[in-house]
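# Understanding the architecture of this molecule
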Amino acid sequence: MKIDHSQPLEYSTDQNQLNILGFWIFLGAEIMLFATLFTAYFTLAGRTGSGPTPADMFEITPVLIETFVLLTSSFTISLGIHAMRLGRKNAMLAFFGITLLLGLGFLGVEIYEFMHYYHIGATYQTSAFTSALMTTLGTHGAHVTLGLFWGTFIIIQVIKRGLTPQNANKAFIFSLYWHFLDVVWIFIFSFVYLKGMM
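First things first, this report covers the structure right here in the doc.

Definitions and cut-offs
- Residues numbered from 1 in each chain as written.
- Predicted model: local features only at pLDDT ≥ 70, side-chain atom pairs only at ≥ 80, totals over all residues.
- Heavy atoms only, no water.
- Helix = DSSP H or I, 4+ residues; strand = E, 2+ residues; numbered from the N terminus.
- Buried < 20%, exposed > 50% of the residue type's maximum accessible area, 1.4 Å probe, protein only.
- Phe/Tyr/Trp six-rings, centres within 6.5 Å; stacked < 30°, edge-to-face > 60°.
- Core = buried A, V, L, I, M, F, W, Y, C linked by side-chain atoms within 4.5 Å.
- Contact = heavy atoms within 4.5 Å.
- Expected span 1.5 Å × (residues − 1).
- Axes fitted to C-alpha atoms, helices over the stretch in contact; angles between N-to-C directions.
- Parallel < 35°, antiparallel > 145°, perpendicular 65-115°, else oblique.
- Left-handed = near helix turned anticlockwise from the far one by under 90°.
- Lys, Arg positive; Asp, Glu negative; His and termini not counted.
- Salt bridge = Lys/Arg side-chain N within 4 Å of Asp/Glu carboxyl O.
- Polar contact = N/O pair within 3.5 Å; in protein donor to acceptor, adjacent residues only side chain to side chain.

## Concerning the overall build of the protein chain
What the protein chain contains, in helices and strands, is six helices and zero strands. For the protein chain, the succession of helices and strands along the chain, N to C, is α-α-α-α-α-α. Dimensions of the protein chain, computed from C-alpha atoms along their principal axes, come out at roughly 65 × 30 × 25 Å. When each of the 198 residues of the protein chain is scored for burial, the buried share is 45%.

Given below as structure tokens:
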């Protein structure tokens, strides 16, 4: 395997570059998935029936906590990739660990939110609005959950094998995935929560 030392470690082989290109193509499919979910949500947002409306359901405090935690995790994953490029394995592992803890915190607040919705009578069956909302939020939450497992496996591999071109490639692709989830959340925050509170 030929390694190009003029490139960052994650781009240092032809296979690594193809892997990154392939993942960008995969993210294109993910964009279509979330675009479909957003379209369904915006179509059904006013169809609350006899159930609660967005203004009845949404609380600003948990949403702000979720947003702050997830955006902070985007910063820490960037620091982890920077440390990886400098060859600082321990710093990289620390920042990846912090990122995963922040992701876990985000999920904890989201679970609290879903419990709140349930207690006020907002379930999948309540209305078209609640069904679309919970499908959108649940799909994002499922992606974050997958990210927690994925990030954990990367940490284990780096601990076992060190910063190899393959592990660096996997870590960088994971960071792209995590940033993508943050961008999706910004759309959820802006066009689902803030719009719903107005």
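That shown, we press on.
## So, the packing of aromatic side chains
This model, assessed by the stated rule, comprises 18 aromatic pairs. With a centroid separation of 6.5 Å and an interplanar angle of 55°, the aromatic rings of F58 and Y117 are classed as tilted. In this pair, F58 is assigned in the loop between helix 2 (54–57) and helix 3 (60–85) and Y117 in helix 4 (residues 89–119), connecting sequence segments 59 residues apart. The burial state of F58 is the same as that of Y117; both residues are buried. Ring centres of W150 and Y177 lie 5.1 Å apart, and the angle between their planes is 55°; on these two criteria the pair is classed as tilted. Of this pair, W150 sits in helix 5 (residues 128–161) while Y177 is found in helix 6 (residues 165–197), placing the two residues 27 residues apart along the sequence. Residue class for W150 comes out partly exposed when judged on its relative accessible area of 23%.

## What to know about the environment of Y118
Along the chain, Y118 turns up in helix 4. C-alpha of Y118 to C-alpha of A35: the two residues are 83 residues apart in sequence and 26 Å apart in space.

## Considerations on the nonpolar core
Judged by nonpolar contacts, the single largest core of 52 residues is most densely connected at F58, F96, Y117 and L133. Apart from residues no more than four positions distant in its own chain, F96 is found in contact with I77, G80, I81, I154, I155, A171 and F174.

## Observations concerning helix 5
Taking 1.5 Å per residue, 34 residues should reach 50 Å; helix 5 reaches 49 Å between its end C-alpha atoms and fits that length. One or two steps after helix 5, the chain reaches G162, where phi turns positive at roughly 80°.

## Quick word on the packing of helix 3 against helix 4
Interhelical geometry of helix 3 versus helix 4 gives an angle of 165° and a closest axis separation of 8 Å. It follows from the interaxial angle that helix 3 and helix 4 lie roughly antiparallel. Where helix 3 crosses over helix 4, the handedness of that crossing is left-handed.

## Digging into the environment of L44
Along the polypeptide, L44 turns up in helix 1 (residues 14–44). Judged by its relative accessible area of 26%, L44 is partly exposed. Between the alpha carbons of L44 and S127 there is a distance of 9.0 Å; along the sequence they are 83 residues apart.

## Some points on the side chain of E30
Among the secondary structure elements, E30 is positioned in helix 1. One buried charge, E30, has no salt-bridge partner; the nearest side chain with opposite charge is K170, at 20 Å. A distance of 2.4 Å separates the side chain of E30 from the side chain of H143, its partner in a polar contact. Setting aside anything within four residues of it in sequence, one finds E30 in contact with H143 and F180.

Purely geometric stuff here, so don't read any function into it on its own.
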